[in-house]
Structures are given as C-alpha cells and as structure tokens.
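Structural description and commentary
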Amino acid sequence: MGSYGKLVRDRIPEIIAAEGREPITYVASPGEYHRRLREKLTEEVAEFLSADDAVALGELADVLEVVHALAMSLGIDSVALEEMRQTKERERGGFTRRIVWTGNR
C-alpha cells in the first residue's frame with residue numbers, strides 16, 4: 001500500500017482509531033474516486049473468486065457495495081441500476097438456466 005493508499009469503506013478510519021491507532025487519510029477527488037472504485041472492483045472480484053463457499057457471500061456483498069458506489073459515481077442510483085438490470089434480463093435473459101454457448105454452425 002505505501003504512500004499510494006487504497007480506497008476503504010467509510011467507517012474504516014473510525015474502526016482503526018477505536019483500536020488505538022491513528023489512521024492517515026484524505027478525501028479523493030471525483031476523478032481519483034472513480035478510478036479507485038474501478039481498482040476496488042477488481043480487488044473485490046479477485047477476493048470473491050479466491051474465496052471458499054464459507055466466505056463467498058461476504059465477498060460477493062463487497063462486490064455489490066462497490067458496484068453500487070460505481071453506479072452512484074456515474075450519476076445512477078440503485079433504483080435506476082436495478083431497472084437497467086431488469087430491462088437487460090427481460091431482453092436477453094439472466095443466467096439461471098446455466099446455458100454455455102460454444103459457437104455457431
């Protein structure tokens with residue numbers, strides 16, 4: 001991490017302080033925030049992919065938290081994001097039928 005830092009959840013500095021340590025933080029600019037959210041999404045997806053089933057749900061919740069924050073940074077609230085997801089599901093389907101495409105004839 002070094003001087004580069006990383007984006008953390010809002011209450012992490014408070015939790016660190018409660019443990020008797022002094023967190024060093026700053027507030028990212030909108031552009032840096034958006035970039036760091038994209039980096040955080042990669043980090044959280046990697047953690048989900050490497051998690052066993054016992055902790056996968058918590059990691060997936062972290063992914064979802066970052067997705068919602070990314071949507072907000074793009075000016076889209078959770079309701080609009082869900083509406084977009086539902087529209088795509090109606091038009092193209094979801095992933096519940098476990099279909100694997102292998103090409104065309």
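Just so we're clear, the structure is a prediction, and the values are computed from it rather than from any experiment.

Turning our eyes to something else, we now look at the overall build of the protein chain. Per the secondary structure count, the protein chain includes 4 helices and 0 strands. Moving toward the C terminus, one meets the helices and strands of the protein chain in the order α-α-α-α. Counting only residues that meet the buried cut, the protein chain has 15% of its 105 residues in that class. When contacts within the protein chain are restricted to residue pairs at least 6 apart in sequence, those whose partners lie at least 24 apart make up 57%. Accessible surface, the protein chain: about 9100 Å² in total, of which carbon and sulfur atoms supply 58%.

All right, on to the pattern of salt bridges then. Under the definition given, this model contains 9 salt bridges. Glu-82 is the salt-bridge partner of Arg-85, the closest N and O atoms lying 2.8 Å from each other. Highlighted residues: Arg-85 and Glu-82, both in helix H4 (residues 78-92), separated by 3 residues, approximately one helical turn. Its relative accessible area of 42% is what places Arg-85 among the partly exposed residues. With a relative accessible area of 32%, Glu-82 lands in the partly exposed category. One salt-bridge network, held together by shared partners, links Lys-6, Lys-40 and Glu-43.

Bringing the packing of aromatic side chains into the picture now. Tallied over the full model, the rule gives 0 aromatic pairs. Lying over the aromatic face of Tyr-4, Arg-36 brings its terminal NZ or CZ to 4.5 Å of the ring centre.

Look at H4: 21 Å from first C-alpha to last across 15 residues, which is about the 21 Å you get at 1.5 Å a residue. N-capping of H4 is provided by Asp-77, with a side-chain oxygen placed 3.2 Å from the backbone N of Val-79. Immediately beyond the C-terminal end of H4, within one or two residues, lies Gly-93, with a positive phi of roughly 90 degrees.

Here we take up unusual backbone geometry. Residues other than glycine seldom take positive phi values, yet Arg-98 does so here, at roughly 60 degrees. If you trace the backbone, Arg-98 turns up in the segment after H4.

Glancing now at a nonpolar patch on the surface. Taken together, the side chains of Val-8, Ile-12 and Ile-15 make up a nonpolar region of the molecular surface, amounting to roughly 190 Å² of accessible area. Within the element layout of this structure, Val-8 appears in the segment before helix H1 (12-18).

Listed in full, the 5 residues of the largest apolar core are Leu-7, Leu-37, Val-66, Ala-69 and Leu-70. Filtering out sequence-adjacent residues up to four positions away, Val-66 remains in contact with Leu-37, Lys-40, Leu-41 and Glu-44.

Reading the values: the criteria
Residues numbered from 1 in each chain as written. Predicted model: local features only at pLDDT ≥ 70, side-chain atom pairs only at ≥ 80, totals over all residues. Heavy atoms only, no water. Helix = DSSP H or I, 4+ residues; strand = E, 2+ residues; numbered from the N terminus. Buried < 20%, exposed > 50% of the residue type's maximum accessible area, 1.4 Å probe, protein only. Contact = heavy atoms within 4.5 Å. Areas by Shrake-Rupley, 256 points an atom, 1.4 Å probe, with all protein chains shown as cover. Salt bridge = Lys/Arg side-chain N within 4 Å of Asp/Glu carboxyl O. Phe/Tyr/Trp six-rings, centres within 6.5 Å; stacked < 30°, edge-to-face > 60°. Lys NZ or Arg CZ within 6 Å of the ring centre and 35° of its normal. Expected span 1.5 Å × (residues − 1). Polar contact = N/O pair within 3.5 Å; in protein donor to acceptor, adjacent residues only side chain to side chain. Patch = residues over 30% accessible without salt bridge, like charges linked within 9 Å, V, L, I, M, F, W, Y side chains within 5 Å. Core = buried A, V, L, I, M, F, W, Y, C linked by side-chain atoms within 4.5 Å.

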